[in-house]
Each structure stands twice: as structure tokens, then as C-alpha cells.
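# Analysis of the macromolecular model
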Amino acid sequence: MLTIGKLAKHCQINVETIRYYQRIGLMRVPETTQSYRYYNDKDIETLSFIQKAKDAGLQLNEIQELLQLELDDRTQVRQVIEQRLAKIDQRIEELQALKKRLSSWIAECKNTQESSCPILKQLKHKSL
């Protein structure tokens, strides 16, 4: 049994992070015993799950959904991950378009004979 401070230290996260996870429903709030809340191995597993899922790029709402699923609910788990992957693919496309735009601005800035900065002109006078 661990106090919140010892749990945080064991899992190498901040106490406030644990409290936040409790507020949003990712983690349980244990009952108070002798003025302390004690955490168990299940809480360590939950924090480990959350951290691994975050490291894999999942959002907290997606992690919450996964935490509520059973181990044999492969279809639901796959749907959550497929949705996340689609969002990542969309973001990659957006970033590639942004990279292309910025690269063209840099090229224009290098090659222009104008005295004013073409990048600033674009930002001030054209919609993105």
C-alpha cells in the first residue's frame, strides 16, 4: 500500500498528475484510511497503462476509453487505435502542407530582389 507521494515517486510522475487523472476519471480515488489514501498494485498498473498509451501518442480521452474495455474486446480496441491513426495521418498531411508553404517562403525570401521581406508581406497581406 502506497501513499500518493510514494505512488508518484514509484511511477516517476508528479502527484498533481495523479490528482488530475483522478479528477477526469482515469484513476480511482481510494477511500481515506487514517487520514491517508492508500494505493495498490492495480493503481500502479493503471498509471503504467496510461504512460505507455501516452507514449504511443494516444490522447487522454482515448486512454480513458481503452481503460474501460475488456482484454478480449479486440474490435473496440482496434477501432480506438484506428481512429487515432487516422488523426495522426491527417496531422501529418497538415504538417507536410505547412512545411511546403514555409519552404516556399524561404526560397522566395532568398531569391527576391525586393527590399521588403516577402515573408512579412505574405503574412500581412494574404490569407493563409
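Notes on the structure follow. (Residues numbered from 1 in each chain as written. Predicted model: local features only at pLDDT ≥ 70, side-chain atom pairs only at ≥ 80, totals over all residues. Heavy atoms only, no water.)

To continue, consider the side chain of E62. By the element assignment, E62 lies in helix α4 (residues 60-67). Sequence-distant contacts of E62, that is, excluding residues within four places in its chain, are made with V80, R84 and K87. (Helix = DSSP H or I, 4+ residues; strand = E, 2+ residues; numbered from the N terminus. Contact = heavy atoms within 4.5 Å.)

A few words now on the packing of aromatic side chains. As enumerated under the stated definition, the model contains 2 aromatic pairs in all. Relative to Y21, the ring of Y20 has its centre 6.4 Å away and its plane inclined at 50°; by these criteria the two rings are tilted. The class of Y20 is partly exposed, set by a relative accessible area of 36%. Given a relative accessible area of 4%, Y21 falls into the buried group. Between Y36 and Y38, the ring centres sit 6.1 Å apart and the planes meet at 50°, which makes this aromatic pair tilted. Y38 gets classed as partly exposed once you look at its relative accessible area, which sits at 25%. (Phe/Tyr/Trp six-rings, centres within 6.5 Å; stacked < 30°, edge-to-face > 60°. Buried < 20%, exposed > 50% of the residue type's maximum accessible area, 1.4 Å probe, protein only.)

Our next topic: unusual backbone geometry. Of note in the backbone geometry, Q12 takes a positive phi value of approximately 55° without being a glycine. For Q12, the position within the fold is in the loop between α1 (4-11) and α2 (15-23). Despite not being glycine, Q34 shows a phi value in the positive range, around 55°. With respect to the element layout, Q34 can be found in the loop between β1 (32-33) and β2 (36-37). Accessibility expressed as a relative area gives 69% for Q34, which makes it exposed.

Quick look at α2 now. Residues I18, Y21 and Q22 constitute the buried set of α2. One side of α2 carries all its buried residues, which in axial view fall inside an arc of 100°. In the core, the buried residues of α2 are packed alongside α1, α3 (41-55) and α4. The backbone nitrogen of E16 has a side-chain oxygen 2.7 Å away, supplied by the residue at the start of α2, namely N14. (Arc of directions from axis to C-beta. Polar contact = N/O pair within 3.5 Å; in protein donor to acceptor, adjacent residues only side chain to side chain.)

Our next topic: the side chain of Q122. As for its placement among the helices and strands, Q122 is situated in helix α6 (residues 118-125). Assessed through its relative accessible area of 16%, Q122 is described here as buried. One polar contact links Q122 to W105, side chain to side chain, over a distance of 3.3 Å. Discounting chain neighbours no more than four positions away, the residues touching Q122 are W105 and E108.

On to the environment of L47, then. Along the polypeptide, L47 turns up in helix α3. Overall, L47 belongs to the buried group, its relative accessible area being 5%. When the C-alpha atoms of L47 and K110 are compared, they prove to be 50 Å apart, with 63 residues separating the residues in sequence. Those residues in contact with L47 that lie beyond four places of it in its chain are L7, C11, I13, I18, Y21 and M27.

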